[in-house]
Amino acid sequence: MPKIAIDSVEYEVPEGRTILQVLDDLGLLGNGVEVPHYCWHPKLSVDGSCRLCQVEIEGVPKLQIACNTPVANGMKVHTKSDRVIAARRGVMELLLINHPLDCPICDQAGECKLQDHAFDWGVPAARTTEPRRPAKKAVDLGPTIVFDQERCILCRRCVRFCREIPKTGELGVVNRGDESLLELFPGSELDNPYSMNVADICPVGALTTRDFRFKIRVWFTDDVESVCNQCSRGCNILASRSNNKVYRFLPRRNDAVNDTWICDHGRMSYKKNSTGRLTAPRADGREASYTDAVKRAGELVRAALDAKGKIVGVASPFASNADLAAFRDLLAALGAGPARFSVPRGESDAILIEAEKAPNAAGCRALGMVESNEQLGRADLALVLGHTLTAEVFGDVRNIVLIDTHESALSARATVALPARTFLEKSGAFTNSRGLVQSFSAVVEPTIEAWSESDALAQIAAAAGIA
Ligand code: SF4
Ligand code: SF4
Ligand code: FES
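Residues numbered from 1 in each chain as written. Chains lettered and ligands numbered in written order. Predicted model: local features only at pLDDT ≥ 70, side-chain atom pairs only at ≥ 80, totals over all residues. Heavy atoms only, no water.

**Here we look at the overall build of the protein chain**
Here is step 1: Helix and strand counts for the protein chain stand at 11 helices and 23 strands.
Here is step 2: On the principal axes, the C-alpha backbone points of the protein chain span a range of 90 × 50 × 35 Å.
Here is step 3: Across the 467 residues of the protein chain, 54% fall into the buried class.
Here is step 4: Pairs at least 24 apart in sequence give 61% of the contacts found in the protein chain among residues at least 6 apart.
Here is step 5: Carbon and sulfur atoms provide 52% of the accessible area of the protein chain, an area that totals close to 20900 Å².
Here is step 6: A gap of 1 Å separates the mean positions of the 55 positive and 59 negative side-chain charges of the protein chain. (Helix = DSSP H or I, 4+ residues; strand = E, 2+ residues; numbered from the N terminus. Buried < 20%, exposed > 50% of the residue type's maximum accessible area, 1.4 Å probe, protein only. Contact = heavy atoms within 4.5 Å. Areas by Shrake-Rupley, 256 points an atom, 1.4 Å probe, with all protein chains shown as cover. Lys, Arg positive; Asp, Glu negative; His and termini not counted. Charge placed at Lys NZ, Arg CZ, Asp CG, Glu CD.)

**Things to note about the sheet that holds strand β10 (residues 207–209)**
Here is step 1: Across the sheet, three strands lie side by side as β6-β7-β10; this open sheet has antiparallel pairing. A single partner strand is all that each edge strand has here, and the edge strands are β6 (139–140) and β10.
Here is step 2: Where strand β7 (residues 145–147) lies against β10, three bridges are found, and the strand directions are antiparallel. The residue of β10 that forms the bridge with phenylalanine 147 is leucine 207. (Pairing = 2+ DSSP bridges.)

**Overview of the packing of aromatic side chains**
Here a ring pair, both rings aromatic, is described through the centre-centre distance and the interplanar angle of the planes.
Here is step 1: Across all of its chains, the model carries seven aromatic pairs by this definition.
Here is step 2: Considering the side-chain rings of tryptophan 219 and phenylalanine 220, the 6.3 Å spacing of their centres and the 55° angle between planes classify their relative orientation as tilted.
Here is step 3: Members of the aromatic cluster, connected to one another through ring pairs, are Phe423, Phe430 and Phe440.
Here is step 4: Lying over the aromatic face of tryptophan 121, arginine 88 brings its terminal NZ or CZ to 4.8 Å of the ring centre. (Phe/Tyr/Trp six-rings, centres within 6.5 Å; stacked < 30°, edge-to-face > 60°. Lys NZ or Arg CZ within 6 Å of the ring centre and 35° of its normal.)

**Some points on the pattern of salt bridges**
Once the charged atoms of two side chains with opposite charge are near each other, the side chains can pair.
Here is step 1: Taken as a whole, this structure holds 36 salt bridges when the rule is applied.
Here is step 2: The salt bridge partner of aspartate 255 is lysine 43, with a shortest N-O separation of 3.0 Å. Here aspartate 255 is found in the loop between β13 (245–251) and α6 (264–268), whereas its partner lysine 43 is found in the loop between α1 (19–25) and β3 (54–57), with 212 residues between them in sequence.
Here is step 3: Under the relative-accessibility criterion, lysine 43 is labelled partly exposed at 22%.
Here is step 4: Between aspartate 148 and arginine 213 there is a salt bridge, and its shortest N-O distance comes to 2.9 Å. With aspartate 148 in the loop between β7 and α4 (157–164) and arginine 213 in the loop between β10 and β11 (222–227), the pair connects residues that are 65 residues apart, well separated along the chain. In this pair, the class of aspartate 148 matches that of arginine 213, namely buried.
Here is step 5: What you see here is one network of salt bridges that share partners, running through Asp102, Lys137, Asp148, Glu150, Arg151 and Arg213. (Salt bridge = Lys/Arg side-chain N within 4 Å of Asp/Glu carboxyl O.)

**Regarding the side chain of glutamine 438**
Here is step 1: When you line up the elements, glutamine 438 lands in strand β23 (residues 437–440).
Here is step 2: We classify glutamine 438 as buried; its relative accessible area is 7%.
Here is step 3: Within the structure, the side chain of glutamine 438 is placed 2.7 Å from the side chain of asparagine 236, a separation counted as a polar contact.
Here is step 4: Those residues in contact with glutamine 438 that sit more than four places away from it in its chain are Val227, Arg233, Gly234, Asn236, Asn254, Val257, Gly428, Ala429, Phe430 and Asn432. (Polar contact = N/O pair within 3.5 Å; in protein donor to acceptor, adjacent residues only side chain to side chain.)

**Brief notes about the sheet that holds strand β5 (residues 76–78)**
Here is step 1: A sheet is described by the order of its strands in space; here five strands give the open sequence β2-β1-β5-β3-β4, paired in mixed fashion. The open sheet terminates on both sides in strands that have one partner only, identified here as β2 (9–12) and β4 (64–65).
Here is step 2: Pairing analysis gives two bridges linking β3 to β4, with the strands arranged antiparallel. Residue pairing for β4: glutamine 54 is matched across the bridge by isoleucine 65.
Here is step 3: Packed on one face of the sheet, helix α2 (residues 82–98) meets β3 and β5 and runs near 160° to β3. (Axes fitted to C-alpha atoms, helices over the stretch in contact; angles between N-to-C directions.)

**Observations concerning the site of ligand 2**
Here is step 1: Every residue close to ligand 2 is listed here: Cys228, Gln230, Cys231, Arg233, Gly234, Cys235, Ile262, Cys263, Gly266, Leu352 and Ile353.
Here is step 2: Taken together, the residues of the shell around ligand 2 break down into seven nonpolar, three polar and one charged. (Near = heavy atom within 4 Å. Nonpolar A, V, L, I, M, F, W, Y, C, P; charged D, E, K, R; others polar.)

**A short note on the site of ligand 1**
Here is step 1: Around ligand 1, a shell composed of 13 residues is seen, among which Cys152, Cys155, Arg156, Cys158 and Cys202 lie nearest.
Here is step 2: The pocket occupied by ligand 1, as judged from atoms lying within 2 Å of grid points, is the largest cavity.
Here is step 3: The residue makeup of the shell around ligand 1, split by class, is 12 nonpolar, no polar and one charged. (1 Å grid on protein atoms, 1.4 Å probe; cavity = no way out; pocket = protein on both sides within 12 Å on 5 of 7 lines; lining within 4 Å. Sits in = over half its atoms within 2 Å of the grid points.)

**Points about helix α3 (residues 113–121)**
Here is step 1: All buried positions along α3 are accounted for by Leu114, His117, Ala118 and Trp121. The buried side chains of α3 occupy one side of the element, clustering within an arc of 105° when seen end-on.
Here is step 2: Buried-residue contacts for α3 involve α2. (Arc of directions from axis to C-beta.)

**Quick notes on the environment of alanine 206**
Here is step 1: Within the secondary structure, alanine 206 is located in the loop between α5 (197–201) and β10.
Here is step 2: In the structure, alanine 206 is positioned 137 residues away from valine 343 in sequence and 40 Å away in space, judged by C-alpha atoms.
Here is step 3: Each residue touching alanine 206, except ones within four places of it in the same chain, is listed here: Val146, Phe147, Asp148, Arg151 and Cys152.

**Observations regarding empty space enclosed by the protein**
A probe matching the size of a water molecule, rolled over the atoms, marks out where space remains unfilled.
Here is step 1: For the structure on display, the rule yields two cavities of 30 Å³ or more.
Here is step 2: Taken together, 14 residues line the largest cavity, and the ones lying closest to its centre are Cys152, Cys155, Cys158, Leu182 and Cys202.
Here is step 3: Across the lining of the largest cavity, the residue classes tally to 13 nonpolar, no polar and one charged.
Here is step 4: Computed from the structure, the second largest cavity encloses a volume of approximately 70 Å³.
Here is step 5: Looking at the second largest cavity, it is lined by 13 residues, and the ones nearest its centre are His99, Asp102, Cys103, Cys106 and Cys112. (Points joined across faces, edges and corners; volume = space filled by probe spheres on them.)

**Here we look at the side chain of serine 269**
Here is step 1: Here serine 269 lies in the loop between α6 and β14 (282–283).
Here is step 2: Given the relative accessible area of 7%, serine 269 is considered buried.
Here is step 3: When neighbours within four sequence positions are excluded, serine 269 is seen to be in contact with Gln230 and Phe249.

Functional significance is not addressed by these values, which are geometric in nature.
Here it is as structure tokens:
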């Protein structure tokens, strides 16, 4: 393995990597070593167009771009010499010829690389008097992305993303030299299942998502680590929140799961946290307090036990591992068989999207639950922990105690229905399709009285007199 020195500190690094890749591998980028860059992205091909990542290499007369220079044994790299700083200042001046510093009205302000680097290496005033490149404002590139062309610094990350990840290639740079502009290919629009990732990777405020644009300034939000629950891939996400409200999901890098991407469907699923919720407990068709509804659920469990009736358990692949384990234990204490569950299925692709449209089918299987869509048959009581089955499956069940997050045909039919917390309202873990157990943290407090499934189950067990 080659040994190289970066700012006089020696590292042993893998063969065949570039200087910028090595800094990324070592976790040094922006974390002890500053090599600013726009066009390089760890998950895309090298473009080498922005020239911001220049470094000095001992024995090499000209500065070199770190993103396209492979490491070699004995290489001595300097990232903060006077020549390097002067080059950065020059590149920033060139980029700012056409880019307006309109941060006060730009939605990217607060998380813009150009803003950051202009602060560090920008020049105080323009030395040019020529008119700025003509550009289009607030163009809809498709259903999800809005383009402010005058802010584009032509790093081509979005172009490479569309060509290399969804392989749809909707974007390109047209014209030459200072007339170069990012454009849609004639007759096309940016509309693919991963389109919103271009807003994440655009280093400036040229591409923004229609959904988040102008909703809130990012410095009023903080980001909580979570896991998408819309398919069994379990993409790692950040949930941006402010004032107990979730404003967006962003991808969180995990090279073993989702690289740095998420699909648009998963990204937009944050809205499900606040729509269609089961907001109030119900017992025997009437709204009830949580305490009364739990008491009624306990009575139903006790009555079924005393009558030696059949109790069945139905679980959901949307529940967390801890909630599923609590359910398994309660069913065992009741002498019921393993819970059943069913997984909604749909389209998959070769990028991220998986056919199983739930985050924790693997968790259900690992806990010995049985996958089935069939009729439950005659039973005195169904204990239901979230559900993905149709209400018809419960046709011959006398009483249903349901703990669930959202209203459904089954919640309307249940003898007792108890609101549960969504995964954004509690901590837990899901097991993804590859068996990886991934934990998530509570992002918001519930705005209604709602308990985690395991807490609600414990209350029901206590009400039924089960130790
Ligand atoms: S729109 Fe953004 S990502 Fe695309 S080329 Fe311009 S600056 Fe780069
Ligand atoms: S691929 Fe699946 S887990 Fe990933 S963001 Fe999309 S729906 Fe969520
Ligand atoms: S990051 Fe190296 S040239 Fe742009």
